[in-house]
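Each chain, letter by letter, is given below.
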Amino acid sequence: MDAGVEPGVDKVILTHAHLDHSLMAPGKEVYATLPTLALAKELWLDAKSLNPDLPWEATDVQKTLNSSFRVPYGRPFKVGDATVTLFNAGHVLGSAMVLVECEGKRLLYTGDLGTSSFLLDHWSKEVPQADVLVTESSYLCKDRPSAKKEWSRLLYFLKQRLREGPVLIAANAVGKVQEVIKFLMNYKEQIGLNAVIVEGMGFRATKIYDEMIEYLKESEVTAWLNGNRRRLTDFVTFPSSLRERLDMARPGTAVVAPSGSLSGGMSVWWALKGVPYVLLGHVFEPASSLLAGGEVTLKDPLGNEGVVRPPELHLQISRHATRQELLQFISLTKAKEVYLVHGDEECRSEAERMGFHNLKDGEELTF
Ligand SMILES: [Zn+2]
Ligand SMILES: [Zn+2]
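Note that the structure is predicted; figures quoted are calculated from it, not measured.

### Let's talk about the coordination of the zinc ion (ligand 1)
- Here the zinc ion (ligand 1) is held by H16 (NE2), H18 (ND1), H91 (NE2) and D112 (OD), and the distances to it run 2.2 to 2.3 Å.
- Around the zinc ion (ligand 1) sit four donor atoms, and with donor-metal-donor angles ranging over 90 to 165° the site reads as irregular.
- Along the chain, the residues donating to the zinc ion (ligand 1) fall in the pattern H-x1-H-x72-H-x20-D.
- Metal-to-metal, the separation of the zinc ion (ligand 1) and the zinc ion (ligand 2) is 3.5 Å; D112 coordinates the two. Pair noted here: H18 is in the loop between β1 (11–13) and α1 (19–22) and D112 is in the loop between β7 (105–109) and β8 (132–136), with a separation of 94 residues, a long-range link. Grouping residues by exposure puts H18 and D112 together as buried.

Structure, rendered in structure tokens:
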């Protein structure tokens, strides 16, 4: 289940498209939901263009998709002797947890477990029970402010700053960009928003959200059935030239651009232009150095290099379950054994005190 770093398997049940789960899947026999396949295709091709040394070819991507098994939520399928069923994980579009039933035992693997969302149903609508649970623990030992509080801070910030000029919101292309667009759509009038630019992978992933309405939350589906759902992509502009970007760079324009950590992509171009910017959620280098208060020299995709100042705002907005949600989820599964992955080193001993087991990368488990 999942193949983020380990190339040594031949069948992969993919929980979702994010590369820490999917990067080594091309060339394998893949089982996944349709949105996961569509989003993974974009991320795989992008990853290969940035890193030609990956152990698979760009041509493997289409072959993998053509030979893959598209699996909807809730419909059991066979892999060897096991019966496998996917359930909504509420993390990003099409994200799934995987229930494996074999010889009367039930193993549940969550992949990344989601949290409340403007666009996706929450996992709590249906939680399968299991004997053994393997779950992520990103926020098990960390508290974060409520999503409501963080979105209010963004609202207040944009209301002040959009009057003066464009504002950049740097966010992960799959998951967060779409939440930000929906937020901007909902609060357009209040914040004095005139235009939204969405860059690169953020736009391509948003198109997939619009195309696969069935995987969006109930209210989106109902709005669509009633003929009044506004497409995210109709609300935003995908600029085709630098000229268009510069023309739109005026008060009232929000720019939503990957990457969330300013490690590449057009968010760097905008930051180098001196546009004030906001970072969302957990960030990596170079954004973590910027958050520590430093100025960092960065290069944009066009090769321009310059100094970027620290962000004006950093919000704890995440697509991962909060600590409370995680504990609630674990108890709902009624699992007798709980194994944790995807968490911090510092959380290991606390997790053990709570009665959970920690799994190391590459560690094998026998059930
Ligand atoms: Zn993820
Ligand atoms: Zn992950």
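### With respect to the sheet that holds strand β2 (residues 29–32)
- Within the open sheet, the three strands sit side by side as β1-β2-β3. Their pairing is parallel. Each edge of the open sheet carries a strand with a single partner, namely β1 and β3 (69–70).
- Of the strand pairs in this sheet, β2 and β3 are connected by two bridges, and their pairing is parallel. Its bridge partner being in β3, A32 is matched across the sheet by R70.
- Those strands touched by helix α2 (residues 34–50) are β2 and β3, and its axis lies near 125° from that of β2.

### Looking at the coordination of the zinc ion (ligand 2)
- Donor atoms from the polypeptide that bind the zinc ion (ligand 2) are D20 (OD), H21 (NE2), D112 (OD) and H342 (NE2), placed at 2.1 to 2.3 Å.
- Around the zinc ion (ligand 2) sit four donor atoms, and with donor-metal-donor angles ranging over 85 to 163° the site reads as irregular.
- All donors of the zinc ion (ligand 2) belong to a single chain; written as a sequence motif, their spacing is D-H-x90-D-x229-H.

### Overview of the nonpolar core
- Core analysis: the biggest nonpolar cluster contains 63 residues, and L93, L158 and L184 have the highest contact counts within it.
- Ranked by the residues each element gives to this core, the list is headed by α2, at seven residues.
- Residues from two domains meet in this core; each of domain 1 (11–141 + 319–358) and domain 2 (147–315) gives at least three.
- When neighbours within four sequence positions are excluded, L184 is seen to be in contact with L158, I191, L193, V196, F235, A254 and V256.
- Within the second largest apolar cluster, 22 residues are counted, among which are M248, W269, A271 and L290.

### Some thoughts on the state of the cysteines
- One pass over the structure, following the stated rule, counts one disulfide.
- Between the sulfur of C141 and that of C347 lies a disulfide, 1.9 Å long from S to S. Classification of the bridge connecting C141 and C347 rests on its S-S torsion, roughly 60°, and on that basis the disulfide is right-handed. A residue pair is termed long-range when its members are at least 10 positions apart, and C141 in the loop between β8 and α4 (147–161) and C347 in the loop between β16 (337–341) and α14 (348–353) qualify at 206 residues.
- Classification of C141 as partly exposed rests on a relative accessible area of 28%.
- Take C347: its relative accessible area is 6%, and that puts it in the buried class.

### Thoughts on a nonpolar patch on the surface
- Residues L242, L246 and L302 make up a contiguous nonpolar surface patch of roughly 250 Å² in combined accessible area.
- Mapped onto the secondary structure, L302 falls in the loop between β13 (296–299) and β14 (305–308).

About the thresholds
Residues numbered from 1 in each chain as written. Chains lettered and ligands numbered in written order. Predicted model: local features only at pLDDT ≥ 70, side-chain atom pairs only at ≥ 80, totals over all residues. Heavy atoms only, no water. Donors = N, O, S within 2.8 Å, 3.2 Å for Na, K, Ca; no water. Tetrahedral: all angles 85-135°; square planar, octahedral: opposite > 155°, others 65-115°. Helix = DSSP H or I, 4+ residues; strand = E, 2+ residues; numbered from the N terminus. Buried < 20%, exposed > 50% of the residue type's maximum accessible area, 1.4 Å probe, protein only. Pairing = 2+ DSSP bridges. Contact = heavy atoms within 4.5 Å. Axes fitted to C-alpha atoms, helices over the stretch in contact; angles between N-to-C directions. Core = buried A, V, L, I, M, F, W, Y, C linked by side-chain atoms within 4.5 Å. Domains from an automatic or database assignment. Disulfide = S-S within 2.5 Å. Patch = residues over 30% accessible without salt bridge, like charges linked within 9 Å, V, L, I, M, F, W, Y side chains within 5 Å. Areas by Shrake-Rupley, 256 points an atom, 1.4 Å probe, with all protein chains shown as cover. Salt bridge = Lys/Arg side-chain N within 4 Å of Asp/Glu carboxyl O.

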